[in-house]
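Observations on chain architecture
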Amino acid sequence: MGLWRWALLLMLLSACTPRRNTLEPYRDDAAASAALEARAQTACAAQRPVTPPNPFRTDGCSAWPDDGWVECCVVHDMAYWCGGASELRAAADEALRACVNSVAGGGWASSMYWGVRLCGAGWMPVPWRWGYGWPWLGDP
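A brief structural summary. (Residues numbered from 1 in each chain as written. Predicted model: local features only at pLDDT ≥ 70, side-chain atom pairs only at ≥ 80, totals over all residues. Heavy atoms only, no water.)

1. Considerations on the packing of aromatic side chains
Given two aromatic rings, one states the distance between the centres and the angle between the planes to describe the pair. Across all of its chains, the model carries 5 aromatic pairs by this definition. Relative to W108, the ring of W69 lies with its centre 5.1 Å away and its plane at 40°, an arrangement referred to as tilted. On the criterion of sequence distance, the pair formed by W69 in the loop between helix 2 (30-45) and helix 3 (70-82) and W108 in helix 5 (residues 106-119) is long-range, its members being 39 residues apart. You can call W108 partly exposed: its relative accessible area is 35%. A ring pair is formed by Y113 and W114, whose centres lie 5.0 Å apart and whose planes are at 85°; its orientation type is edge-to-face. (Phe/Tyr/Trp six-rings, centres within 6.5 Å; stacked < 30°, edge-to-face > 60°. Helix = DSSP H or I, 4+ residues; strand = E, 2+ residues; numbered from the N terminus. Buried < 20%, exposed > 50% of the residue type's maximum accessible area, 1.4 Å probe, protein only.)

Laid out in structure tokens, this is it:
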């Protein structure tokens, strides 16, 4: 198989929605995972009339270290799981920056903000994309 076919296959596979939480305590504690799912459902229902068909999952801060700002990332994941209008994404990204800034200062906050702005668009076939609770390109 040619290199471009492998790249295409990996890209398509990466569009899958995360299947499990990788962040403790949600990874190993079913009750904590269920409570987090309920919290995500409530937050999403406050923003839009329907919630995603896939369950909420989080990996914390994805490619960033899960430091004192990990709760900022979990809340941001809730918004990204839910998806919706581009204005909601901009607000979620700005809220992440403000939250991380309040914990760690502007350097980390700005880096994380630009990371999600550049690499989290809904059309991107990655599991951390905007609207990842929906099938890829399926957010209504």
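2. Description of a nonpolar patch on the surface
On the surface, W123, W136 and L137 cluster together into a nonpolar patch covering about 380 Å² of accessible area. By the element assignment, L137 lies in the segment after helix 5. (Patch = residues over 30% accessible without salt bridge, like charges linked within 9 Å, V, L, I, M, F, W, Y side chains within 5 Å. Areas by Shrake-Rupley, 256 points an atom, 1.4 Å probe, with all protein chains shown as cover. Salt bridge = Lys/Arg side-chain N within 4 Å of Asp/Glu carboxyl O.)

3. Concerning helix 4 (residues 86-104)
Taking 1.5 Å of rise per residue, the 19 residues of helix 4 would be expected to cover 27 Å, and the 27 Å separating its terminal C-alpha atoms lies within 8% of that figure. Residues R89, A92, D93, L96 and V100 constitute the buried set of helix 4. Buried residues along helix 4 cover an arc of 95° about the axis, so they all sit on one side. Among the exposed residues of helix 4, those oriented more than 90 degrees off its buried face are E87 and S102. Here the buried face of helix 4 lies against helix 3 and helix 5. Looking one or two residues beyond helix 4, the residue adopting positive phi is G105, at roughly 100°. (Expected span 1.5 Å × (residues − 1). Arc of directions from axis to C-beta. Contact = heavy atoms within 4.5 Å.)

4. Digging into the side chain of E37
With respect to the secondary-structure elements, E37 resides in helix 2. One buried charged residue, E37, forms no salt bridge at all, with the nearest opposite charge on R57 at 4.1 Å. Those residues in contact with E37 that sit more than four places away from it in its chain are P55, F56, R57 and W81. (Lys, Arg positive; Asp, Glu negative; His and termini not counted.)

5. What about the packing of helix 3 against helix 4?
Each pair of packed helices can be described by the angle between their axes along with the distance between the axes. Between helix 3 and helix 4, the shortest axis-to-axis distance is 9 Å and the interhelical angle comes to 175°. Considered as vectors, helix 3 and helix 4 are oriented roughly antiparallel to each other. Where helix 3 abuts helix 4, its residues C72, C73, H76, A79 and Y80 lie against R89, A92, D93, L96, C99, V100 and V103. Residues belonging to the contact of helix 3 with helix 4 are distributed by class as follows: 9 nonpolar, 1 polar and 2 charged. (Axes fitted to C-alpha atoms, helices over the stretch in contact; angles between N-to-C directions. Parallel < 35°, antiparallel > 145°, perpendicular 65-115°, else oblique. Nonpolar A, V, L, I, M, F, W, Y, C, P; charged D, E, K, R; others polar.)

6. A few points about the packing of helix 4 against helix 5
Across the interface, helix 4 lies against helix 5 with an axial gap of 7 Å and an inter-helix angle of 160°. Taken together, helix 4 and helix 5 sit at an angle that is classed as roughly antiparallel. Between helix 4 and helix 5 lies a crossing whose hand is right-handed. In contact with R89, A90, D93, E94, L96, R97, V100, N101 and A104 of helix 4, helix 5 contributes G106, W108, A109, S110, M112, Y113, W114, V116 and R117. When grouped by side-chain class, the residues that make up the contact of helix 4 with helix 5 number 10 nonpolar, 3 polar and 5 charged. (Left-handed = near helix turned anticlockwise from the far one by under 90°.)

Honestly, it's all geometry; don't read function into it.
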